[in-house]
Amino acid sequence: MEIERKFLAGRLPDDLMSYPSRTIEQGYLSTDPVIRIRKDNDKYELTYKSKGFMTRQEYNLPLTEEAYRHLLPKIDGRLIQKTRYMVPLGQGLTAEVDIFRGGLEPLILVEVEFRDEPSAKKFLPPPWFGEDVTFSERYHNSALSKI
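Because the structure is predicted, anything quoted here is derived from the model rather than measured.

Student: How should I be thinking about the overall build of the chain in this particular structure?
Tutor: Counting its secondary structure elements, the chain contains 3 helices and 10 strands. Secondary structure elements in the chain, listed N-terminal to C-terminal, are β-β-β-β-β-β-α-β-β-β-α-β-α. Taking 15 Å as the expected radius of gyration for a compact globule of 147 residues, we find that the chain reaches 15 Å, a close match to that expectation. For the chain, buried positions account for 45% of its 147 residues. Considering only residue pairs separated by 6 or more positions, the chain has 58% of its internal contacts joining residues 24 or more positions apart. Approximately 8100 Å² of the chain is accessible, and the part contributed by carbon and sulfur atoms is 53%.

And the structure:
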């Protein structure tokens with residue numbers, strides 16, 4: 001189960017580049033249902049996500065680099081490329097700041113994952129977060145792969 005809220009970035013922390021980061025590329029074999037392949041640094045996986053917004057079922061299966069490369073030409077839409085910075089927020093929470101590259105520049109999204117729905121609902125974002133887009137399908141990566 002994935003429970004997360006998503007925000008447009010407002011004013012980013014001045015020291016963003018000092019936080020750990022990962023290079024991610026992902027493509028969608030299907031957007032209904034959502035079936036994604038992802039390269040996250042040197043880790044490869046296939047993911048199924050159910051419909052939904054704040055709470056969704058998510059299943060991840062490991063892929064080899066060879067399998068990922070085999071599936072890559074089969075994606076529908078654009079390959080999403082982004083750098084993800086992991087910014088600690090305290091209380092065990094982390095802001096995942098995604099800075100998109102390529103055709104999705106200058107989009108920057110911030111996601112926070114939670115252990116349960118009550119925690120997600122009562123979360124008060126820090127001042128540097130922008131608009132809450134959790135319930136906007138437009139900002140699902142699967143939707144972004146189509147524009």
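Don't stop here, the text continues.
Student: Whenever I open this one, the pairing of strand E2 (residues 21-31) confuses me. Can you help?
Tutor: Each regular strand carries side chains that alternate between the two faces of the sheet. Bridge analysis of E2 against strand E7 (residues 76-90) gives 7 bridges, and the strand direction is antiparallel. Bridge pairing links Ile24 to Lys82 in E7.

Student: What is the right way to read the pattern of salt bridges from this model?
Tutor: Pairing is possible between side chains of opposite charge, provided their charged atoms come close. The tally for this structure, following the rule as stated, stands at 15 salt bridges. In this structure, Glu65 and Arg69 form a salt bridge, with 3.8 Å as the shortest nitrogen-oxygen distance. Placement of the pair is Glu65 and Arg69 together in helix H1 (residues 65-71), with a separation of 4 residues, close to one helical turn. By relative accessible area, Glu65 is classed as partly exposed at 43%. One salt bridge connects Glu117 with Lys121, and the closest N-O pair in it is separated by 3.8 Å. Here Glu117 pairs with Lys121, and both are found in helix H2 (residues 117-122), just 4 residues apart, close to one helical turn.

Student: Help me understand the environment of Asn41, please; the structure alone is not making it clear to me.
Tutor: For Asn41, the position within the fold is in the loop between strand E3 (34-40) and strand E4 (43-49). In sequence terms Asn41 and Val133 are 92 residues apart; their C-alpha atoms lie 26 Å from each other. When residues no more than four places from it in sequence are discounted, the contact partners of Asn41 are Ser21, Arg22 and Thr23.

Student: What is the right way to look at the packing of aromatic side chains in this model?
Tutor: The way to describe two aromatic rings as a pair is by their centre distance and the angle between their planes. Applying the stated criterion across every chain, the model contains 8 aromatic pairs. When the ring of Tyr48 is compared with that of Tyr59, the centres are 6.1 Å apart and the planes differ by 25 degrees; the resulting orientation is stacked. One end of the pair, Tyr48, is in strand E4; the other, Tyr59, is in strand E6 (residues 58-63), with 11 residues separating them in the sequence. By relative accessible area, Tyr59 is classed as partly exposed at 48%. Three or more aromatic residues joined by ring pairs form one cluster here, namely Phe7, Phe114, Phe123, Trp128 and Phe129.

Parameters at a glance
- Residues numbered from 1 in each chain as written.
- Predicted model: local features only at pLDDT ≥ 70, side-chain atom pairs only at ≥ 80, totals over all residues.
- Heavy atoms only, no water.
- Helix = DSSP H or I, 4+ residues; strand = E, 2+ residues; numbered from the N terminus.
- Rg over C-alpha atoms; globule rule 2.2 N^0.38 Å.
- Buried < 20%, exposed > 50% of the residue type's maximum accessible area, 1.4 Å probe, protein only.
- Contact = heavy atoms within 4.5 Å.
- Areas by Shrake-Rupley, 256 points an atom, 1.4 Å probe, with all protein chains shown as cover.
- Pairing = 2+ DSSP bridges.
- Salt bridge = Lys/Arg side-chain N within 4 Å of Asp/Glu carboxyl O.
- Phe/Tyr/Trp six-rings, centres within 6.5 Å; stacked < 30°, edge-to-face > 60°.

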